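Understanding the architecture of this molecule
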Amino acid sequence: MKYEAQRIYIRAWTLEDATLLQEFQLGNREEIERTSAGRRDEAFYTLDGQIRLIEKWLELRKEGKRHSFGIFLKDTDELVGEISLFRIELNGAAKWVIGYATDRQHHGKGYMSEALKRVLQYAKHEMNITQVEAGAVPDNAGSIRVLLKAGFRENGTHDVPIQGVLKKHTMFTISLTDVE
């Protein structure tokens, strides 16, 4: 199912998207590794690695723990990013977190702002989620701008493991009661 915005649409990943996702991961590897929590070996970037990743995402979706979407241009169906809403548990408390990445060739065009707004609507209306959190490294001004534009409010800092090293993140929260 597609969820449309002004210039983009989002849809859940399918196994048929593995090649697209692989091209996206390879083309944006440096940026993604700079901001992603998990370590990624060479096998991750293979087609089989991306198939396994999508299979994992689909399983987590069935379990109600993760909703991952590709972001596509409406006019051309070009993949311009990915966005995921996932449930984590810390100290026995569950919370929903959002993470995203834009293709470097499409930074600053507003596509992620459209996708984030659409995912927040999905979270509120289709999942009955009331609050979502996000984090950004302080030097990622573009990501912080996207979060603030969507209505997130700064909520302190937190150390997050990035490629095995703790990096300070500025944390943000949004209450979905204000989302249309």
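All of the points below concern the structure found in this document.

Scoring rules and cut-offs
Residues numbered from 1 in each chain as written. Predicted model: local features only at pLDDT ≥ 70, side-chain atom pairs only at ≥ 80, totals over all residues. Heavy atoms only, no water. Helix = DSSP H or I, 4+ residues; strand = E, 2+ residues; numbered from the N terminus. Rg over C-alpha atoms; globule rule 2.2 N^0.38 Å. Buried < 20%, exposed > 50% of the residue type's maximum accessible area, 1.4 Å probe, protein only. Contact = heavy atoms within 4.5 Å. Areas by Shrake-Rupley, 256 points an atom, 1.4 Å probe, with all protein chains shown as cover. Phe/Tyr/Trp six-rings, centres within 6.5 Å; stacked < 30°, edge-to-face > 60°. Core = buried A, V, L, I, M, F, W, Y, C linked by side-chain atoms within 4.5 Å. Expected span 1.5 Å × (residues − 1). Arc of directions from axis to C-beta. Salt bridge = Lys/Arg side-chain N within 4 Å of Asp/Glu carboxyl O.

Brief notes about the overall build of the chain
Tallying secondary structure elements over the chain gives five helices and eight strands in all. Against the 2.2 N^0.38 benchmark of 16 Å for 180 residues, the chain shows a C-alpha radius of gyration of 15 Å, consistent with a compact globule. Taken along its principal axes, the extent of the C-alpha atoms in the chain is 40 × 35 × 35 Å. Within the chain, buried positions represent 46% of all 180 residues. Long-range contacts, defined as pairs at least 24 residues apart, comprise 60% of the intrachain contacts of the chain with a sequence gap of at least 6. For the chain, the computed accessible surface area is about 9,900 Å², with 48% contributed by carbon and sulfur atoms.

Concerning the packing of aromatic side chains
On inspection of all chains with the given rule, the structure shows seven aromatic pairs. Aromatic pair Trp13 and Trp57: ring centres 6.2 Å apart, planes at 40°, arrangement tilted. Of this pair, Trp13 sits in the loop between strand 2 (8-12) and helix 1 (18-27) while Trp57 sits in helix 3 (residues 47-62); the two residues are 44 residues apart in sequence, bridging distant segments of the chain. For the pair formed by Trp13 and Trp57, the shared burial category is buried. Geometrically, the ring pair formed by Phe69 and Tyr122 is edge-to-face, given 5.2 Å between the ring centres and 80° between the ring planes. Placement of the pair is Phe69 in strand 3 (residues 66-73) and Tyr122 in helix 4 (residues 111-127), with a sequence separation of 53 residues. Of the two residues examined, Phe69 and Tyr122, each falls in the buried class. One aromatic cluster is present, built from ring pairs that chain together Tyr9, Trp13, Trp57 and Phe72.

Some words on the nonpolar core
By size, the foremost hydrophobic cluster in this structure holds 34 residues, and its most contacted members are Ile83, Leu85, Ile98, Val132 and Phe152. Put simply, the parts of the chain that give this core at least two residues each are strand 2, strand 3, strand 4 (79-90), strand 5 (93-102), helix 4, strand 6 (131-136), helix 5 (141-150) and strand 8 (165-175). Ranked by residues supplied to this core, first place goes to helix 4 with nine residues. Those residues within four positions of Val132 in sequence are excluded, and the remaining contacts are Leu85, Trp96, Val97, Ile98, Leu120, Phe152, Phe172, Thr173, Ile174 and Leu176. Membership of the second largest hydrophobic core comes to 14 residues, among which are Tyr9, Leu21, Phe24 and Trp57.

Some thoughts on helix 3
With 16 residues, helix 3 extends 23 Å between its outermost C-alpha atoms, agreeing within 8% with the 22 Å of an ideal straight helix rising 1.5 Å per residue. Among the residues of helix 3, those classed as buried are Gly49, Gln50, Leu53, Ile54 and Trp57. Along the axis of helix 3, the buried positions cluster into a sector of 135°, meaning they face one direction only. Exposed positions of helix 3 whose direction lies more than 90 degrees from the buried face are Lys56 and Lys62.

Observations regarding unusual backbone geometry
Notably, Asp77 is not glycine yet its phi reads approximately 65°, a positive angle. Mapped onto the elements, Asp77 comes out in the loop between strand 3 and strand 4. Phi is positive for Asn128, close to 60°, though the residue is something other than glycine. Take Asn128: it is sitting in the loop between helix 4 and strand 6. Residue classification places Asn128 among the exposed positions, given a relative accessible area of 66%.

Some words on the pattern of salt bridges
When the charged atoms of two side chains with opposite charge come close together, those side chains can pair. Across all of its chains, the model carries seven salt bridges by this definition. Linking Glu42 and Arg29 is a salt bridge whose minimum nitrogen-to-oxygen distance equals 2.5 Å. Pair noted here: Glu42 is in the loop between helix 2 (29-35) and helix 3 and Arg29 is in helix 2, with a separation of 13 residues, a long-range link. Lys168 is the partner of Asp159 in a salt bridge, and the nearest nitrogen-oxygen pair spans 3.4 Å.

By themselves, these observations are geometric and do not establish any function.
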